[in-house]
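# Residue-level structural notes
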Amino acid sequence: MAGGMIAATAGGVSLRNPRPVYVLAQGAAGVFIATSLKPGIYTDMAAHLPLVALVTAMTLAISFATGWALNRWAGIAADAAVFGSLPGMSGAMVIIAHERGIDSRIVALMQYCRLAFVIIAVTFVSRLLPEGPTAAPVIPVSSEPQALALSLGLILLSLASARLKWLHPALTEEIRWD
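Residues numbered from 1 in each chain as written. Predicted model: local features only at pLDDT ≥ 70, side-chain atom pairs only at ≥ 80, totals over all residues. Heavy atoms only, no water.

Right, let's get into the packing of helix α5 (residues 78–85) against helix α7 (residues 104–128). Helix packing geometry: the angle between the two helix axes and the distance between the axes. Direction vectors running N to C along α5 and α7 enclose 30 degrees, while the axes themselves pass 8 Å from each other. Overall, the two elements α5 and α7 adopt an arrangement that is roughly parallel. Crossing of α5 over α7 shows right-handed handedness. Every residue of α7 that contacts α5 at Ala 80, Ala 81, Phe 83, Gly 84 and Ser 85 is listed here: Ile 106, Val 107, Met 110, Gln 111 and Arg 114. Its residues assigned to classes, the contact of α5 with α7 comprises 6 nonpolar, 3 polar and 1 charged. (Axes fitted to C-alpha atoms, helices over the stretch in contact; angles between N-to-C directions. Helix = DSSP H or I, 4+ residues; strand = E, 2+ residues; numbered from the N terminus. Parallel < 35°, antiparallel > 145°, perpendicular 65-115°, else oblique. Left-handed = near helix turned anticlockwise from the far one by under 90°. Contact = heavy atoms within 4.5 Å. Nonpolar A, V, L, I, M, F, W, Y, C, P; charged D, E, K, R; others polar.)

Given below as structure tokens:
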């Protein structure tokens, strides 16, 4: 992120990710997330649905309040402040902001700083919680060749499926990161 900020402010420097690299990275992230989701997560979430709904509503309220405060007191444009402070899907927020003519660099900086703050806060808060039973790793590491082949196959499938632009009208437009 720091390298991108330096390149953007240096003037005349244009950074572009090759589309296959971007799609492969997104595919790898999708496979890693999918392998961490187990059916037990959904039953636990359903058992605690009121708490999940409350935390979700509070997160959105705090995010909108942060965006409002940034617009009001820091002088950030209202649209950029909203897109930059919304939780989750930081890559999508940057793309949506760019498509709407909002400064996507500000949105990207806000999104990734927000993500860094959340990671740091979770690290500190988790130290305050009482220790429970040791949990299994989120992403199971498997030495089985079948699991590795399946993961690589799914990642490559994401590259092939990204070529199917007819799946969604927004994919027919090329995204430029100027």
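A separate point is a nonpolar patch on the surface. On the surface, Ile 33, Leu 37, Ile 41, Tyr 42, Met 45 and Leu 49 cluster together into a nonpolar patch covering about 560 Å² of accessible area. Considering every element that reaches the nonpolar patch, the biggest residue donor is helix α3 (residues 39–47), with 3 residues. Here Ile 33 shows up in helix α2 (residues 19–36). Judged by its relative accessible area of 52%, Ile 33 is exposed. (Patch = residues over 30% accessible without salt bridge, like charges linked within 9 Å, V, L, I, M, F, W, Y side chains within 5 Å. Areas by Shrake-Rupley, 256 points an atom, 1.4 Å probe, with all protein chains shown as cover. Salt bridge = Lys/Arg side-chain N within 4 Å of Asp/Glu carboxyl O. Buried < 20%, exposed > 50% of the residue type's maximum accessible area, 1.4 Å probe, protein only.)

This paragraph deals with the pattern of salt bridges. Summed over the entire model, instances satisfying the criterion amount to 1 salt bridge. The residue Arg 105 makes a salt bridge to Asp 103 at a minimum N-O spacing of 3.2 Å.

Scanning all chains against the criterion turns up 1 aromatic pair. Ring geometry for Trp 68 against Trp 73: centres 5.4 Å apart, planes inclined by 75 degrees, an arrangement best described as edge-to-face. Looking at Trp 68, the relative accessible area reads 49%, which means it is partly exposed. Accessibility expressed as a relative area gives 65% for Trp 73, which makes it exposed. (Phe/Tyr/Trp six-rings, centres within 6.5 Å; stacked < 30°, edge-to-face > 60°.)

For the chain, per-residue confidence averages 77 on the pLDDT scale, and residues scoring 70 or more make up 78% of the total. Mean pLDDT per element in the chain: helix α1 (residues 2–10) is the minimum at 71, and helix α4 (residues 49–73) is the maximum at 89. Across residues 171–178 the pLDDT falls below 50, and counting only partners more than four positions away or on other chains, this stretch makes 10 contacts in the model. (pLDDT = per-residue confidence, 0-100.)

Turning our eyes to something else, we now look at the side chain of Ser 104. Considering the arrangement of structural elements, one finds Ser 104 in helix α7. You can call Ser 104 buried: its relative accessible area is 9%. Ignoring any residue separated from it by four or fewer positions in sequence, one finds Ser 104 in contact with Val 94, Ala 97 and His 98.

It is worth spelling out the nonpolar core at this point. In this structure, Ala 80, Phe 83, Leu 86, Met 93, Val 94, Ala 97, Ile 102, Val 107 and Ala 108 together form the largest nonpolar core, which totals 9 residues. For this core, the secondary structure elements donating two or more residues are α5, α6 (90–99) and α7. Take this core: its biggest share by element is 3 residues, from α6. Ignoring any residue separated from it by four or fewer positions in sequence, one finds Ala 80 in contact with Ile 102, Ile 106, Val 107 and Met 110. (Core = buried A, V, L, I, M, F, W, Y, C linked by side-chain atoms within 4.5 Å.)

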